[in-house]
Structure formats: structure tokens, C-alpha cells
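Coordinates in review
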Amino acid sequence: MGQLSMFSAETDEPSLDDLAGILASAGQVAIGPRGARLSVVVAEDWRARALADEIERSGVAAEISLSSEGSPLVGTASTPVLEGLYRQWTKGAVKTMPATWVPSPRALRLWVIAAGERDADRYLLGLDSHAPDSHGSLATAVMRAGIAPTLVGTRSSNPALRIAGKRRLTRLIESVGDAPDIPGAAVQWPFI
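What this report covers is the structure whose coordinates are included nearby. Note that the coordinates shown come from a computational prediction; the quantities given were computed from them, not determined experimentally.

In space, the four strands of this open sheet follow the order β7-β8-β10-β9, with antiparallel pairing throughout. Of all strands in the sheet, those with a lone pairing partner are β7 (116–119) and β9 (150–152), marking the two edges. Taken pair by pair, the neighbouring strands of this sheet meet at an average axis angle of 30°, ignoring direction. Alignment of β9 against strand β10 (residues 160–163), held across three bridges, turns out to be antiparallel. Within β10, the position partnered with threonine 150 by the bridge is arginine 162.

Right, here's the structure in full:
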């Protein structure tokens, strides 16, 4: 393991607020009579396993299943403890990033796990193609966290924030820490 930043996900205590990193990707939060439920469909099994571990570290039980399309789906049970996250990230029936949100290192880590991928010598943080109004706000939020991304793919089904350059990639790596110790994770983890 390399030297940890003072602001690394590996030095922060897990918090329910960190789960916002899942919502920054394609995650969804819904409310019902028993509370709010967080879920996200991911592309690979390692992502589902790592997210379930991180969700449980934040104090909420997680389960892994398959979506109707056969992709891994990570979700929580409905619980009152997630209602605050629902209120912060939902306006009417639309997922909306809170105006003052700045991703913590652990929120960035969950975002990387949910939807991060290597792109040659750059790194992409996947965005929710069903929430295009949030893309610019999420780019601004990542800038406030000290990493200046470029918004790409806005007219495709794979919008993302692209992070390029040694300084920006170093800041991202310092924030998110080491890849989960799960086969397949290191291949998609940020690198320089």
C-alpha cells in the first residue's frame, strides 16, 4: 500500500453520507412505508461485492441479487435511516444532487466502485444517463473536492466525468485509497 493522504477514504470513518457516492453514479433511492431503499445496478460482480461491503461498513444491511436484465444489483432493505439521503437527493420524483454536496473521500470511493473505469491514461466516473440535469452539478461537486473533471458522453448512453493528468489522477487515488481485495477490482481502479 502507498502513502495515505490525510483525506483518504481509508482514514475516514464510514458514514451514511458516504452512500451519496452511489447516487452520484446510477444509484437510486426510493421511499416507502418502511423507509428509504438504496439500490444500484452495476456491470461486474466485484463491484456488487465491494459495494455491499462498503454499505454494511456504513451501518446498513446490503443484499446482492440480479436485475431483470441479469446484471448484478446491490440494494438495501427499506429503512428509516436512509430517509435523510432520500430527502437530500430527491426533488419530486427526480434524483437531484444537493446544491452544496461535496463528495467525501469515501463517497468518491463508492462512486469509483459503482461506476469508475479506466480509459487509456485517463479515468472515468460514470454518471446516471437517466438524470442528465445532474451531470453539470456533479462535475462542479468533484471540482470542489479538488479534482477538475471534464464532462464527456452527454449525448450517449454512457455519460461520465473524465479525469486526466497526473495531478488530478494522483488526487483521486489519494482520496479513494487502494482497490478492494476482490478479483477484477484492480483492473478498473484509478492509476497513474
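Below, the discussion takes up the pattern of salt bridges. Between side chains of opposite charge, a pair can form when the charged atoms approach closely. For the structure on display, the rule yields nine salt bridges. The salt bridge partner of glutamate 54 is arginine 106, with a shortest N-O separation of 2.5 Å. Of this pair, glutamate 54 sits in helix α2 (residues 45–57) while arginine 106 sits in helix α4 (residues 105–115), placing them 52 residues apart in sequence. Summarising the burial analysis for this pair, glutamate 54 and arginine 106 share the class buried. For arginine 122, the salt bridge identified is with aspartate 119, shortest N-O distance 3.2 Å.

Basis of the calculations
Residues numbered from 1 in each chain as written. Predicted model: local features only at pLDDT ≥ 70, side-chain atom pairs only at ≥ 80, totals over all residues. Heavy atoms only, no water. Pairing = 2+ DSSP bridges. Helix = DSSP H or I, 4+ residues; strand = E, 2+ residues; numbered from the N terminus. Axes fitted to C-alpha atoms, helices over the stretch in contact; angles between N-to-C directions. Salt bridge = Lys/Arg side-chain N within 4 Å of Asp/Glu carboxyl O. Buried < 20%, exposed > 50% of the residue type's maximum accessible area, 1.4 Å probe, protein only.

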